[in-house]
Structures are given as structure tokens and as C-alpha cells.
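Examination of the molecular architecture
This is what each chain is made of:
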Amino acid sequence: MKESFSIRFVPNPIRDNVKQGKIYIRIIVNRKKAEIATEHVIESSLWDAASQRVKRKPRLNEELVHYENEILAIKRELVFKGKPSSAKIIKDLYTGASKSRHYLLDYYEKYYQSLQQTTEFAHDTIRSYNTTLGHLRKFLLSKQVDDMRLVDDEKLLGSMDYDVLLEQVDYTFIREFDEFMMTRPSQQYGKPMGRNSANKQHTRFKKVLSTARKEGLMENRPYEDFELKSEKTNRDFLTEVELQKMKAHDLHGNESLIKVRDIFLFSVYTGLRFAHAMSLKRHHVVQDKEGAWWFDTEQGKTNEPLYTPLLKPAVEIMDKYDNEERKVTGNILPKISNVKVNLYLKTIADITGIHKHITHHVARHTFATTITLSNDVPLEVVSKLLGHTEIKTTQIYAKITTKYLGEHARRLEGKL
């Protein structure tokens, strides 16, 4: 959708004298207008609507040209900086009102930029704030357009006026944002966001608004009465039987499926998240004096140091892809997108007869349960291997591993 923009001068009649009119500057962007009053009053009969000028008043017409050029300069600057443009924003910039009024997306972008300058947060955490910003942009744009398919149009995102003032963000705004995330299918996944995923967006947005309030830029507490309720989730993992079924199948010789299975199995035996596994370089893998292989890197999500041993099945996969691609990229694993991996894993599950919804993250759950806890690896060690900063996060896996609980119950029974 191409943006429409125009400037017009309108002599609005004076209430006490209809034969006279005060000249207003009318700014129109995408059929939405804002008016600015000038100090000039003229006889209505002298106004030429076609030329937008006053008859026999050259000096006054020069003033109108000056007004027009100033507004055009503001508009050009907004376009040059890639900022949202609207009649109201242009008016506020022209009149100086914008100095005391702050816009949501503009403030969020500055907040995000400040995160990028700090070393306090992990890269993945900073990137997640940008993800939430993207959802906010699409939500605000959805309030402007009727066709929801246009919300994913990147050109439209950069051209239309859809920003709001920070002071306009209230409980209703938060509730509508929540409804948008929970009901509108995303372009990437083709389905609405889950409750817990939406809560993550809210948590980040709440943090941004809280900072704005501390800086004195808004008075509202929009999240004060908005309660975030989490849904209990089942952490799917593969049992030993299912894992063997996946490993043993020839996958009909399909190279793409075999490659995705290897990427999945690599995380089954290392516990690494997808992004971390994909970012591993050859120099991250070191060998000790006994000949064992170790990772020497950091957890992508927490920036915690990660120095962990490589199990033999993971080493075999690493050796399998010691090829020309690695010489060019330096990556341990072949490059492929997370979306494509999850799509192929669904096909692998169907082929191998595993009746579970498998995503790459299931590999990490499998490492925590089937590979470690079920084989009597202490909870504290598993927590360290997973890069958890708090052991209570790891305890979730202990609760869902009945074999782990049963083994310890039997040991306790023997001691008693």
C-alpha cells in the first residue's frame, strides 16, 4: 500500500465574522489529517482554492511557501531515518509538542538499541526483545488495515502510520495485544501463539514499559491488573526404544532426512539448543590428555561458561561432517534453518512410527531424561551439562522421568 501525503492550506471561517478566515495548514497522511493554525487572517473572498494562495498578497504567499517547505523537510527527515510518519507525528514535530510526548515504537527501538550496547545480556535475550518489537509492530498495524494478510508486508510496516503515544498504552491495549497474539496465525508457524509463548512477549514488553515509567515518560501501569497465567506443558522426550527406532531406520536413503536426524541426535547426546549447536565451530572442540573430546564454549541463552565432555555418539556425528563444507564455514554441523529441521523431524517421526510431536528442542529434553537422569547421572551434574543457572529448572526433568524416581525409591527402600 503506497503512502499518500499532501499539504493544503484552508481558511477556516472565524466564528464572529464569517467573511474572514484564519489560515490553517492541513497535513494529510494516508487520509488522516492534522491541522496547524497560523497567525494569518484574511478576507475569505481573497482566497484562491485552486492555487492554495491569497490574491494580491505576495508576502503572505511567501510565508505559506515557507510553512510548506518546513513541513516537507520534516517529512523528508522521517523518511530518511526510516521513522513512522503520520499527520499527527509531523504536526507534533513542527509545533514542538513531540518534545514532551513520547511514542511507543520509537521508545522501544531506543530501548532495544541500548540493550545492544551492553554486555549485561546474552545475545539470544537481546534478540528476543527485537522479536517482541516485531509482534508489537504487527499488532499496531493490524488496527490500521482491514486485510490481515497485509500485516506481514515488510514494506507496509515501514510506510504506514501505526505508532501510538506511550500514555495511550493502557489495560485495554495490553488485553487487545494479548488477544492478537493468541488468535492470529503467524506467518512463520501458520498458527496462533501459545499461552506461554505470549507470556514471554508480555514479560519483555512489561520490562520496557516499566523502564519508561521510571524515566518519567508515562504514568500508566497497564500491567497492574493484567494477570499472566501459565499453562502446564508436557516436556516431550524420546524413550530409549523410540530413540533406537529413529537411529535404526534407513529413512529410505533420503540425504536431507538423514542430515536432519544427525543434527537432532547431536543435541540428544550433547543437550545443546538448536542455535548453540548450529553456532559451534571447530575451535570450540578441544581434546584432553586422555584423548577425550570436550566443548569449550558458552551457553547462548545465559552466557554461562560451558566446558562439557562429548559422548561418543556425538563425536561420531562430528567426524561424519568433517568435509569440504566445514573447511569453508568452520561449523561442526551442516547449516539448515530451525523451521526446516522441525518440518523434517515431523516426517521422520511419521516414517519411524514415533507418535509424538518432535521438534529439535525435544532432543534437549531427551538428553536430560533418557540419556542422563535415567542413567543415574546426578541432578547437579545434569544441571551443569544443560547450562542451567538454577537447579530448580533441571528438577522439572526429574519429575517427568519415572524411571529416575523409581530407581531412587528402590535404593531408599533397600537402605531402610
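One can find the structure itself at the top, above this paragraph.
Procedures and definitions
Residues numbered from 1 in each chain as written. Predicted model: local features only at pLDDT ≥ 70, side-chain atom pairs only at ≥ 80, totals over all residues. Heavy atoms only, no water. Helix = DSSP H or I, 4+ residues; strand = E, 2+ residues; numbered from the N terminus. Buried < 20%, exposed > 50% of the residue type's maximum accessible area, 1.4 Å probe, protein only. Contact = heavy atoms within 4.5 Å. Areas by Shrake-Rupley, 256 points an atom, 1.4 Å probe, with all protein chains shown as cover. Pairing = 2+ DSSP bridges. Core = buried A, V, L, I, M, F, W, Y, C linked by side-chain atoms within 4.5 Å. Expected span 1.5 Å × (residues − 1). Axes fitted to C-alpha atoms, helices over the stretch in contact; angles between N-to-C directions. Phe/Tyr/Trp six-rings, centres within 6.5 Å; stacked < 30°, edge-to-face > 60°. Lys NZ or Arg CZ within 6 Å of the ring centre and 35° of its normal. Salt bridge = Lys/Arg side-chain N within 4 Å of Asp/Glu carboxyl O. Polar contact = N/O pair within 3.5 Å; in protein donor to acceptor, adjacent residues only side chain to side chain. Parallel < 35°, antiparallel > 145°, perpendicular 65-115°, else oblique. Nonpolar A, V, L, I, M, F, W, Y, C, P; charged D, E, K, R; others polar.

What the protein contains, in helices and strands, is 17 helices and eight strands. Considering the protein as a whole, with its 416 residues, one finds that 42% of them fall into the buried category. In the protein, the proportion of contacts linking residues at least 24 apart, taken out of those at least 6 apart, comes to 57%. Here the protein displays about 24,000 Å² of accessible surface, and carbon together with sulfur accounts for 50% of that area.

On to the pairing of strand S1 (residues 5-14), then. In the sheet, S1 pairs with strand S2 (residues 17-29) via 10 bridges, with the strands oriented antiparallel. Of the residues in S2, the one forming a bridge with Ser6 is Ile28. Linkage of S1 to S2, two consecutive antiparallel strands, is achieved through a turn of two residues.

Turning our attention to the nonpolar core. If you look at the biggest cluster of nonpolar residues, it comprises 44 residues, and the most contacted ones within it are Leu238, Met246, Phe264, Phe266, Val268, Leu333 and Ile358. Mapped onto this core, the elements with two or more residues apiece are helix H8 (240-248), helix H9 (255-268), helix H10 (274-279), helix H11 (312-320), helix H13 (338-352), helix H14 (361-372) and helix H15 (379-386). Sorting elements by how many residues they give to this core places H9 first, with seven residues. Leaving out residues up to four positions away in the same chain, Val268 has contacts with Leu243, Ala363, Thr366, Phe367 and Ile371. Within the second largest apolar cluster, 33 residues are counted, among which are Phe139, Leu141, Phe173 and Ala212.

So, about the environment of Val339. Summarising the element assignment, Val339 is placed in helix H13. Between the C-alpha atoms of Val339 and Thr359, which are 20 residues apart in sequence, the distance is 9.3 Å.

An ideal rise of 1.5 Å per residue puts 28 Å on 20 residues; helix H7 (residues 195-214) measures up with 28 Å between its terminal C-alpha atoms. Along H7, the residues that are buried comprise Arg195, Ala198, Asn199, Gln201, His202, Arg204, Phe205, Val208, Leu209, Thr211 and Ala212. Once H7 finishes, Gly216 follows within two positions and takes phi at roughly 75 degrees, a positive value.

Strand order in the open sheet formed by three strands is S1-S2-S3, and the pairing between neighbours is antiparallel. Unpaired on one side and paired on the other, S1 and strand S3 (32-43) mark the two borders of the sheet. Adjacent strand axes in the sheet meet at a mean angle of 25 degrees when their direction is disregarded. Relative to S1, helix H1 (residues 58-81) is tilted by about 135 degrees, and along the sheet it contacts S1, S2 and S3. Against the sheet, helix H2 (residues 87-95) makes contact with S1, S2 and S3, and its axis sits at roughly 45 degrees relative to S3, the strand it touches most.

Let's shift gears to the packing of aromatic side chains. Evaluation of the coordinates by the stated rule reveals nine aromatic pairs. Where Phe139 meets Phe177, the ring centres are 5.4 Å apart and the plane angle is 50 degrees; that geometry is what we call tilted. On the criterion of sequence distance, the pair formed by Phe139 in helix H4 (residues 123-142) and Phe177 in helix H6 (residues 171-183) is long-range, its members being 38 residues apart. Neither residue differs from the other here; Phe139 and Phe177 are each classed as buried. Grouped by ring-pair contacts, the aromatic residues Phe139, Tyr171, Phe173, Phe177, Phe180, Phe205, Tyr223 and Phe226 constitute a single cluster. The ring of Phe5 carries the charged tip of Lys75 above its face, separated from the ring centre by 5.4 Å.

What follows concerns the pattern of salt bridges. By the definition in use, this model includes 11 salt bridges. Here Arg26 makes a salt bridge to Glu35, at a shortest N to O gap of 2.7 Å. In this structure, Asp178 and Arg195 form a salt bridge, with 2.5 Å as the shortest nitrogen-oxygen distance. Pair noted here: Asp178 is in helix H6 and Arg195 is in helix H7, with a separation of 17 residues, a long-range link. The two residues Asp178 and Arg195 agree in class, both being buried.

Further remarks concern the environment of Lys320. Within the secondary structure, Lys320 sits in helix H11. You can call Lys320 partly exposed: its relative accessible area is 46%. Each C-alpha atom, one on Lys320 and one on Asp262, is 9.3 Å from the other, the two residues being 58 residues apart in sequence. Not counting chain neighbours up to four residues away, the residues in contact with Lys320 comprise Ile258 and Asp262. In this structure the side chain of Lys320 is engaged in a polar contact, spanning 2.7 Å, whose partner is the side chain of Asp262.

Bringing the packing of H4 against H6 into the picture now. Where H4 contacts H6, the two axes come as close as 10 Å, and the packing angle between them is 100 degrees. Taken together, the axes of H4 and H6 lie roughly perpendicular to each other. Touching His135, Leu136, Lys138, Phe139, Leu140 and Ser142 of H4 are Phe173, Glu176, Phe177 and Phe180, all from H6. Grouping the amino acids of the contact of H4 with H6 by side-chain chemistry returns six nonpolar, two polar and two charged.

Mapping Thr370 onto the fold places it in helix H14. Apart from the residues within four sequence positions on either side, Thr370 is in contact with Phe237, Leu238, Thr239, Glu240 and Asn375.

Along the chain, His40 falls in strand S3. Judged by its relative accessible area of 15%, His40 falls in the buried class. Separated by 3.3 Å, the side chains of His40 and Tyr67 make a polar contact. Setting aside residues up to four positions removed in sequence, His40 forms contacts with Gly21, Lys22, Ile23, Leu60, Glu63 and Tyr67.

None of this, on its own, says anything about what the molecule does.
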